[in-house]
Amino acid sequence: MPRPKIALVGSGAIGATLAHISGIKELGDVVLFDIVEGMPQGKALDLSQLSPVEGFDTKYTGTQDYSAMKDADVVIVTAGVPRKPGMSRDDLLAINAKIIREVATNIKTFCPNAFVICITNPLDAMVQLLQSASGLPTNKVCGMAGVLDASRFRYFIAEKLNVSVEDVSALVMGGHGDTMVPLVRYTTVAGIPLPDLVSMGWLTQEDIDKLVERTRFGGGEIVQLLKTGSAFYAPAASAIAMAESYLRDKKRLLPCAAYLTGQYGVNGFYCGVPCIIGKDGVEKVVELKLTAEEDKMFRQSVESVRQLVEATPNARL
Ligand code: APR
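Since the structure is predicted, the reported quantities are computational estimates derived from the model, not experimental observations. (Residues numbered from 1 in each chain as written. Predicted model: local features only at pLDDT ≥ 70, side-chain atom pairs only at ≥ 80, totals over all residues. Heavy atoms only, no water.)

A.B. asks: Summarise the pairing of strand S12 (residues 252–261); cite the residues concerned and give the values.
C.D. replies: With 7 of its 10 residues buried, S12 lies for the most part within the structure. Sheet topology note: the S12/strand S13 (residues 267–278) ladder contains 10 bridges and is antiparallel. Bridged to Pro255 within S13 is Pro274. In sequence, S12 turns back onto S13 through a hairpin of 5 residues, with Gly262 there showing a positive phi of about 115 degrees. (Buried < 20%, exposed > 50% of the residue type's maximum accessible area, 1.4 Å probe, protein only. Helix = DSSP H or I, 4+ residues; strand = E, 2+ residues; numbered from the N terminus. Pairing = 2+ DSSP bridges.)

If you want it as structure tokens, here you go:
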């Protein structure tokens, strides 16, 4: 049986890390695409030379030719430019939208049956555009944000309580931005919800509020430290968790930017919600009963996604 094929569109910081983890997990053969001449070829060769040390069999290809992603099973998109000083959010939106449209057209031509994960920011608008411009079914196009945001929240909780990250489970909904909604009620340490841990005296409500705030601005905190780029290890690992759940039909329940058709009262938009990911892509959007306060925060987040999408030409279906 041939190995699955994973195409990475964009071979920068996240793209290269995706390629590395795909190899270590032996998810399949990897195509690194980028517009920069030689760069994906160089990274592909470097990773190939790492594979004997790590002991995995992955064929890496670096390319500037979209046809190399023919019949890919999974496509992960990080192509785009980061926001530079002086650039408005709308400027970024226009530049990345042009790139995403081009990527979408090539996905449609070369691998219309792929499961597509978008990482490029502004995420909620870019994933919507990727779907509408590629014409792929909505269950086969989703965005990576929630796994990363939840992982940040999990880490901050584990660090605060001095417990293993393995035992912390968290759920974050809404758009990928300052309006995201970390769901404290559904965040647990080995099954014990955070509000119960407050009653047990492990942490205070004020501690939780601080952890939620730090999670909301988790990406910005890293940008400030790095100065010349944004986070790449955790975003890459998060997208790989989604790709692996698809390729191995694991049916993991992961928070992802998924297309909503009435769930949570939202119709015709991508937004961060808990989803089951298996061999059919986003197989199910899990609908939770939100409290009035959670619902209010979620609506605010949806509104900011709506504004972003409406500022993106032709993003909607
Ligand atoms: N086609 C393919 N690749 C492109 C194109 C294009 N038209 N335009 C730019 N790229 C490539 C760049 O050459 C670069 O190598 O996309 C890559 C992006 O990589 P980085 O700048 O290193 O960015 P990265 O940290 O990987 O983040 C990528 O994910 O989290 C988001 O905000 C982040 O939108 C950004 C994306």
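A.B. asks: For the domain arrangement of the protein chain, give the residues involved together with the corresponding values.
C.D. replies: One frequent convention defines the size of an interface as the accessible area lost when the parts assemble. Segmenting the protein chain into domains produces domain 1 (5–144) and domain 2 (146–311). One C-alpha centre belongs to domain 1, the other to domain 2; they are set 23 Å apart. Tallying the contact residues gives 35 residues for domain 1 and 34 residues for domain 2. Summing the contributions of domain 1 and of domain 2, the shared interface buries around 2900 Å²; its carbon and sulfur component is 72%. (Domains from an automatic or database assignment. Contact = heavy atoms within 4.5 Å. Buried area = accessible area lost by both parts, 1.4 Å probe.)

A.B. asks: Provide a residue-level description of the site of the ligand, including the pertinent values.
C.D. replies: Contacts to the ligand come from 17 residues, most closely from Ala13, Ile14, Asp34, Thr78 and Asn121. For the ligand, whose accessible area on its own is 720 Å², the fraction buried by protein is 83%. Of all the secondary structure elements, the ones that give two or more residues to the shell around the ligand are helix H1 (13–24) and helix H3 (89–110). Class assignment of the residues belonging to the shell around the ligand gives a composition of 10 nonpolar, 5 polar and 2 charged. (Near = heavy atom within 4 Å. Areas by Shrake-Rupley, 256 points an atom, 1.4 Å probe, with all protein chains shown as cover. Nonpolar A, V, L, I, M, F, W, Y, C, P; charged D, E, K, R; others polar.)

A.B. asks: Before we move on, could you go through the UniProt feature "binding site: substrate" (unreviewed entry) in the protein chain and cite the residues and values that matter?
C.D. replies: As annotated in UniProt, the feature "binding site: substrate" (unreviewed entry) corresponds to Arg83, Arg89, Asn121 and Arg152 in the numbering used here. Structurally, the position occupied by Arg152 is in helix H5 (residues 146–161). Filtering out sequence-adjacent residues up to four positions away, Arg152 remains in contact with Thr215, Gly218, Gly219, Ile222 and Ala231. (UniProt positions renumbered as here; feature names shortened; annotations may be inferred.)

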